[in-house]
Amino acid sequence: MPGWITDRPLDTGALLQRVCGPATGAAVLFVGTVRDHNQGAVVIGIRYEAYAEMAGAVLQEIGAEAEARFGARVAAVHRVGELGVGEASVAIAAAAAHRAQAYEASRYVIEEIKVRLPVWKEERYDDGSARWLDGARPEGQARH
Amino acid sequence: MRITLLLFASYRDLAGTGSVTLELPPGATAADAVAALRTRAGEEPGAVHRLARLPPRPALAVNRRHAAADTPLRDGDEVALLPPVAGG
């Protein structure tokens, strides 16, 4: 299953095309984007950092789990570097014969990314300050 | 043996570096590598104060796999200290 880290803008259409085929009856594209606010602060951008050599393998592992559990085809990519408001930081494409499998596979991948993928984000605020966000302690295996 | 210790994001900021080479005795574990980092930081003014903010048992990876603190190390291993992750 394709999964990788990139410092380039995400091509979500191409990602979706990777998973769709003649047997596809439903395809879900999830896109996470940088929003302009968090916990009352005005966010002007986010810098994403990854342990890239590990994160690519973890992303592929998560996608393979989703494919096995839900009978879907999955592709996922996470961006690193400086992102502005509205830019896509993560994209997940999931395709299956029926919509329930595609939705569940997509949801599985983003939830596992949140707790396992070695990626960190530093929010930048309109007052010039910046802060690494607290996240989840990374775990080795799926918890489900 | 010689291992490479990698630090990311907030941990790198605390350590002031993203990569440290450490000499460890045979039989050392991933936890020993973290302890050696703290000891080494103690020799640099200011660094030990910042590293005190590292959690006592940070999440670890050995050779790019999530790993327990008692994982034994071998010469050439790559150990990474992983702050709480925040992707997406």
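Check the entry above for the structure.
Quick caveat, the model's predicted, so the values are computed rather than measured.

**Q** If you had to explain the overall build of chain A to someone new, which residues and values would you point to?
**A** Counting its secondary structure elements, chain A contains three helices and nine strands. Taken from the N to the C terminus, the helices and strands of chain A come in the order β-α-β-β-β-α-β-β-β-α-β-β. Counting only C-alpha atoms and orienting by the principal axes, one finds that chain A spans roughly 50 × 30 × 25 Å. Taken over 144 residues, chain A has a buried fraction of 47%. Across chain A, contacts joining residues at least 24 apart in sequence account for 73% of those joining residues at least 6 apart. Taken as a whole, chain A presents about 7,000 Å² of accessible surface, with 48% of it coming from carbon and sulfur.

**Q** Before we move on, could you go through the layout of surface pockets and cite the residues and values that matter?
**A** There is about 310 Å³ of room inside the largest pocket. Taken together, 23 residues form the lining of the largest pocket, with Arg35, Lys114, Lys121 and Leu133 of chain A together with Gly88 of chain B sitting closest to its centre. Among the secondary structure elements, those contributing two or more residues to the lining of the largest pocket are β2 (26–33), β3 (37–38), β4 (41–50), β7 (88–96), α3 (99–116) and β8 (119–125) of chain A. Its volume calculated, the second largest pocket comes out at about 250 Å³. Lining the second largest pocket are 16 residues, with Arg137 of chain A together with Pro58, Ala59, Leu60 and Ala69 of chain B positioned closest to its centre. Of all the secondary-structure elements, those providing two or more residues to the lining of the second largest pocket are α2 (30–41), β3 (59–62) and β4 (65–67) of chain B. Sorting elements by how many residues they give to the lining of the second largest pocket places α2 of chain B first, with four residues. When grouped by side-chain class, the residues that make up the lining of the second largest pocket number 11 nonpolar, one polar and four charged.

**Q** Give me the interface of chain B and chain A: which residues, what numbers.
**A** A common way to state how big an interface is: give the accessible area lost once the parts meet. Taken together, the 22 residues of chain B in the interface contact 29 residues of chain A. In this assembly, chain B packs against chain A so that about 2,100 Å² is buried in total across both faces, 59% of it on carbon and sulfur atoms. Put simply, chain B and chain A have two salt bridges between them. If you look at where chain B meets chain A, you find 17 residue pairs in polar contact (both at pLDDT 80 or more). The element that contributes the greatest number of residues to the side of chain B that touches chain A is helix α1 (residues 9–15) of chain B, accounting for four residues. A class-by-class count of the residues in the side of chain B that touches chain A yields 12 nonpolar, four polar and six charged.

**Q** I'd love a proper account of the nonpolar core, names of residues and values included.
**A** Tyr51 and Ile113 of chain A together with Leu82 of chain B are the most contacted members of the largest nonpolar core, which has 45 residues in total. With seven residues, helix α2 (residues 52–70) of chain A is the largest single contributor of residues to this core. Those residues within four positions of Ile113 of chain A in sequence are excluded, and the remaining contacts are Leu59, Ile62, His78, Val90 and Ile92 of chain A together with Gly87 and Gly88 of chain B. Counting 23 residues, the second-largest nonpolar core is a separate cluster that includes Leu14, Ala15, Leu24 and Leu60 of chain B.

**Q** So what about the pairing of strand β2 (residues 19–23) of chain B? Which residues, and what values?
**A** Residues and elements named next belong to chain B. In β2, alternate side chains face the same way, and those of Val20 and Leu22 are buried while those of Ser19, Thr21 and Glu23 on the opposite face are not. Direction of pairing for strand β1 (residues 2–7) relative to β2: antiparallel, over a ladder of five bridges. The partner of Leu5 across the bridge, within β2, is Val20.

**Q** Would you mind going over the sheet that holds strand β5 (residues 78–82) of chain B in detail, with residue names and values included?
**A** All names here are of chain B. Reading across from one edge, β2-β1-β5-β3-β4 is the order of the five strands in this open sheet, with mixed pairing throughout. The strands lining the two open edges of the sheet, one partner per strand, are β2 and β4. If you compare each strand with its neighbour and ignore which way they point, the axes differ by 30° on average.

**Q** So what's going on with the sheet that holds β2 of chain A? Residues and values would help.
**A** All names here are of chain A. A sheet is described by the order of its strands in space; here four strands give the open sequence β1-β5-β7-β2, paired in mixed fashion. Pairing within the sheet leaves two strands with one partner each, and these edge strands are β1 (3–6) and β2. The average undirected angle you get between the axes of adjacent strands in this sheet is 10°. Bridging between strand β5 (residues 73–79) and β7 involves six bridges; their strand directions are antiparallel. Paired with Arg73 across the two strands is Ala95, which belongs to β7. The sheet strands contacting α3 are β2, β5 and β7, and the helix crosses β7 at an angle near 150°.

About the thresholds
- Residues numbered from 1 in each chain as written.
- Chains lettered and ligands numbered in written order.
- Predicted model: local features only at pLDDT ≥ 70, side-chain atom pairs only at ≥ 80, totals over all residues.
- Heavy atoms only, no water.
- Helix = DSSP H or I, 4+ residues; strand = E, 2+ residues; numbered from the N terminus.
- Buried < 20%, exposed > 50% of the residue type's maximum accessible area, 1.4 Å probe, protein only.
- Contact = heavy atoms within 4.5 Å.
- Areas by Shrake-Rupley, 256 points an atom, 1.4 Å probe, with all protein chains shown as cover.
- 1 Å grid on protein atoms, 1.4 Å probe; cavity = no way out; pocket = protein on both sides within 12 Å on 5 of 7 lines; lining within 4 Å.
- Points joined across faces, edges and corners; volume = space filled by probe spheres on them.
- Nonpolar A, V, L, I, M, F, W, Y, C, P; charged D, E, K, R; others polar.
- Buried area = accessible area lost by both parts, 1.4 Å probe.
- Salt bridge = Lys/Arg side-chain N within 4 Å of Asp/Glu carboxyl O.
- Polar contact = N/O pair within 3.5 Å; in protein donor to acceptor, adjacent residues only side chain to side chain.
- Core = buried A, V, L, I, M, F, W, Y, C linked by side-chain atoms within 4.5 Å.
- Pairing = 2+ DSSP bridges.
- Axes fitted to C-alpha atoms, helices over the stretch in contact; angles between N-to-C directions.

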